[in-house]
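# Working through the structure, step by step
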Amino acid sequence: MIETNVSKQHESFLQVLQSYYQLTKPRIIPLLLITTAGSMWIAAKGQVDPMLLLVTLSGGTLAAASAQTINCIYDRDIDYEMERTRHRPIPSGRIQSRDALIFAIALAVISFSLLSVFANLLAALLAMAGIVFYVLIYTHWLKRHSTLNIVIGGAAGAIPTLVGWAAVTGNLSWTAWLLFTIVFLWTPPHFWALALMIRDDYAKVGVPMLPVVAGNSATVQQIWWYTLLTVAATFILVYPLQQTGFVYGAIALYLGGVFIYKAWQLLRDPGDRNLARGLFLYSISYMMLLCLGMVVDSLPLTHHAISFVVSQLHLV
Ligand code: HEM
Ligand SMILES: CC(C)=CCC/C(C)=C/CC/C(C)=C/COP(=O)(O)OP(=O)(O)O
């Protein structure tokens, strides 16, 4: 493995901090936290303890940051080769792998301590399982060896839903596993839409992402089926599980309709990079708004508002 080919000195303490921050791939973390929050709100039936929320989201942030930092260490060779990733702190020589590892271990230890002391042991162990799964199963085992890399590896990104549920209830119910399944099924359309745009980068470094190995047509077909499954899974929360109500159902229906439409457009024109970009960007809004729908649906205020509207309708 290369350590670095570019030697670059930090100019100020602020730049050092900025480099460590970049190691954690911070732009992805907010959505992981939104899925955690959606799960917590359903688990707590709309009444989440603010301190528990703060602790769980902080512990989740630290665990995800630790996982991403270890991924940056492991992938430093291919990150150096790809244009999109070559400016990351390790390939560009701003941070040494050894320092990054110490940072990652510190983040994981703080995350585990925070979650186990102020939430519960199950939530803390699940967060650690997220790190282990992302690093060992996705980064080490699958990413460079199988086209199923992100299908199976996607389970790591779905674990925050379990962390959120466990933090509130101390156990994992069917609903928790359904929320996990929704994020798990959503990951292939999310990532393969992006991979269609950057397949040349992955091909260059020999990472067997589906579009590289199977081509655009086979990839968009897979995207299509996973999109249908994702949208179908979102309705199981309404029926038969009956964990969410009308407000969430309407939001899931609208968002799901748009998701399917965008996947269908891509199915008809697999080579159109603008459609792929549109689907990738939409996948992010979709997950964000779906989880927001779970939160809004579970709020007592929403239930009061619906009861009020129904009573007014009866009076008319
Ligand atoms: C194995 C599963 C996944 C893979 C391989 C993957 C891969 C990627 C990649 C390569 C990017 C582009 C990032 C960049 O240019 O630096 C990205 C963006 C993003 N991913 Fe994923 N992702 C996965 C799962 C998830 C999950 C579970 C979430 C959250 C629930 C998520 C949220 C995001 C967000 C919010 C962005 C946009 C970041 C930005 O604004 O640049 N991803 N993903
Ligand atoms: C509970 C817990 C700790 C969960 C952690 C889960 C986690 C960090 C999921 C992130 C998934 C993700 C954005 C992968 C990026 O793929 P990549 O690293 O192959 O992307 P790249 O090509 O940009 O390097």
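A brief look at the structure comes next. (Residues numbered from 1 in each chain as written. Chains lettered and ligands numbered in written order. Predicted model: local features only at pLDDT ≥ 70, side-chain atom pairs only at ≥ 80, totals over all residues. Heavy atoms only, no water.)

Here we come to the overall build of the chain. Regarding its fold elements, the chain presents 13 helices and zero strands. Within the chain, residue pairs in contact and separated by at least 24 positions form 73% of the contacts whose partners lie at least 6 positions apart. Accessible surface computed for the chain: about 15,100 Å², of which carbon and sulfur atoms make up 68%. Measuring between centres, the 18 positive side-chain charges of the chain sit 2 Å from its 14 negative side-chain charges. (Helix = DSSP H or I, 4+ residues; strand = E, 2+ residues; numbered from the N terminus. Contact = heavy atoms within 4.5 Å. Areas by Shrake-Rupley, 256 points an atom, 1.4 Å probe, with all protein chains shown as cover. Lys, Arg positive; Asp, Glu negative; His and termini not counted. Charge placed at Lys NZ, Arg CZ, Asp CG, Glu CD.)

Around ligand 2 lies a shell of 19 residues, among which Arg 84, Arg 88, Tyr 134, Tyr 138 and Lys 143 are the nearest. A distance of 2.6 Å separates an oxygen atom of ligand 2 from a polar atom in the side chain of Tyr 138. Residue Lys 143 places a side-chain N or O atom 2.8 Å away from an oxygen atom belonging to ligand 2. Its free accessible area being 630 Å², ligand 2 has 88% of it covered by the protein chains. When contributions to the shell around ligand 2 are tallied by element, the ones reaching two or more residues are helix H3 (50-74), helix H6 (121-142) and helix H7 (149-169). Of the residues forming the shell around ligand 2, the biggest block, five residues, is contributed by H6. (Near = heavy atom within 4 Å. Polar contact = N/O pair within 3.5 Å; in protein donor to acceptor, adjacent residues only side chain to side chain.)

This paragraph deals with the packing of aromatic side chains. Counting across every chain of the model gives 10 aromatic pairs. Considering the side-chain rings of Tyr 261 and Trp 264, the 6.3 Å spacing of their centres and the 35° angle between planes classify their relative orientation as tilted. Highlighted residues: Tyr 261 and Trp 264, both in helix H11 (residues 246-268), separated by three residues, approximately one helical turn. Since its relative accessible area comes to 47%, Tyr 261 is described here as partly exposed. Stacked on the ring of Tyr 80, the Lys or Arg Arg 86 has its end atom at 5.5 Å from the ring centre. (Phe/Tyr/Trp six-rings, centres within 6.5 Å; stacked < 30°, edge-to-face > 60°. Buried < 20%, exposed > 50% of the residue type's maximum accessible area, 1.4 Å probe, protein only. Lys NZ or Arg CZ within 6 Å of the ring centre and 35° of its normal.)

This brings us to the site of ligand 1. By nearness alone, 19 residues border ligand 1, and Arg 27, Thr 187, His 190, Phe 191 and Leu 194 come closest of all. Within the contact set of ligand 1, an oxygen atom lies 3.4 Å away from a side-chain nitrogen or oxygen of Arg 84. The separation between a nitrogen atom of ligand 1 and a polar side-chain atom of His 190 is 3.0 Å. Every element with two or more residues in the shell around ligand 1 is listed here: helix H2 (29-43), H7, helix H8 (174-197) and helix H12 (273-298). Sorting elements by how many residues they give to the shell around ligand 1 places H8 first, with five residues.

As for its position among the elements, Leu 172 is in the loop between H7 and H8. A sequence separation of 129 residues divides Leu 172 from Ala 43, and the C-alpha atoms of the two residues are 9.8 Å apart. Discounting residues that sit within four places of it in the chain, Leu 172 has contacts with Leu 122, Leu 126, Leu 162, Trp 165, Ala 166 and Trp 177.

So, about the nonpolar core. Among the nonpolar cores identified, the biggest contains 80 residues, and Phe 191, Trp 192, Leu 237, Tyr 286 and Leu 290 are the most heavily contacted of them. The residues touching Leu 290, leaving out its near neighbours within four places in the chain, are Ile 182, Thr 234, Tyr 248, Ala 252 and Leu 255. (Core = buried A, V, L, I, M, F, W, Y, C linked by side-chain atoms within 4.5 Å.)

All we've got here are geometric facts, nothing functional implied.
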